[in-house]
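# Breakdown of the fold
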Amino acid sequence: MADKVLIVDDDPAICKLLEKVMKSNELDPTIAMSGKEALNIIKNHTFDIILMDVMLGDMEGFEVIKKIRNQGISTPVMIVSGRNEDYDSLYGLSLGADDYITKPFRPLVLGAKVKALIRRNKNLVLDSSDVLEAGPFSYDSSTMRFYKNGEELILSAKESALLLLFMKHPQQVFTKDMIYEHVWGNTVAIDDNAIMVYINRLRGKIEDNKQSPQHIITIRGLGYRFIP
């Protein structure tokens, strides 16, 4: 069965192009031309990835992302926008988006990024044990949910990938290059600021005080170490 993609854009020409790119990559696209329509569709259907424009007719794509993340929906979101300011990409990532690509885009690159993001999200499932534990944290691979002291953590796809990486390798120091390779793969370029955004978001969800983290520790000049 083909992986399902929700395309959210109010431009019919862009929707048609994105639909064509998705089908050429053997993906199954659904189109929503407003934020409200997207939220209604997501309420009743599940997807493997969401392609989100920023400028929609009724609301910003940022608001849609905020709403679905607040509902605990961790479906990977890739922002596809004509706005190319650093602020927009970092703000989108801070809300829980997993990647940001600007228009005009190269169809081959977009298709590769979409498939890579879907694949990495599915690879969150552990091969061996149903439950991975590290200190107060646990991960149930059968439901792909994380917990701290028995309370569920609501994480985006990239936050989940980061925490799972850390939980599998407690005490190990991960450089930013290592995080790129494990979480994004070598084909996706992410700058240092984006990595910091994801680390800070994850700290905000797992630390008692993210200003004084006890679990994700910065090793100056090297990277990060996870202490359960």
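In what follows, the structure referred to is the one given above.
Residues numbered from 1 in each chain as written. Predicted model: local features only at pLDDT ≥ 70, side-chain atom pairs only at ≥ 80, totals over all residues. Heavy atoms only, no water.

### Some remarks on the overall build of the protein
Secondary structure summary: the protein contains eight helices and 12 strands in total. Principal-axis analysis of the C-alpha atoms gives the protein an extent of 50 × 35 × 30 Å. Here the protein holds 228 residues, and the buried ones make up 48% of them. Within the protein, counting contacts between residues at least 6 apart in sequence, those at least 24 apart form 57% of the total. A total accessible area of about 11500 Å² is found for the protein, and carbon and sulfur atoms account for 48% of it. Between the mean site of the 28 positive side-chain charges and the mean site of the 31 negative ones, the protein shows a separation of 1 Å. (Helix = DSSP H or I, 4+ residues; strand = E, 2+ residues; numbered from the N terminus. Buried < 20%, exposed > 50% of the residue type's maximum accessible area, 1.4 Å probe, protein only. Contact = heavy atoms within 4.5 Å. Areas by Shrake-Rupley, 256 points an atom, 1.4 Å probe, with all protein chains shown as cover. Lys, Arg positive; Asp, Glu negative; His and termini not counted. Charge placed at Lys NZ, Arg CZ, Asp CG, Glu CD.)

### Here's the deal with helix H7 (residues 176-184)
Looking at H7, one finds that the buried residues are Ile179, Tyr180, Val183 and Trp184. Buried positions in H7, seen along its axis, are confined to an arc of 105° and lie on one side of it. Against helix H5 (107-122), helix H6 (157-168), strand S10 (173-175), helix H8 (192-206) and strand S12 (223-226) lie the buried residues of H7. A positive phi of about 90° marks Gly185, the residue just after H7. (Arc of directions from axis to C-beta.)

### Some remarks on the pairing of strand S11 (residues 216-219)
Note: S11 against S12, four bridges, orientation antiparallel. Bridge pairing in S12 places Ile217 opposite Arg225. From the end of S11 to the start of S12, which pair antiparallel, there are three residues, and Gly221 there has a positive phi angle of about 80°. (Pairing = 2+ DSSP bridges.)

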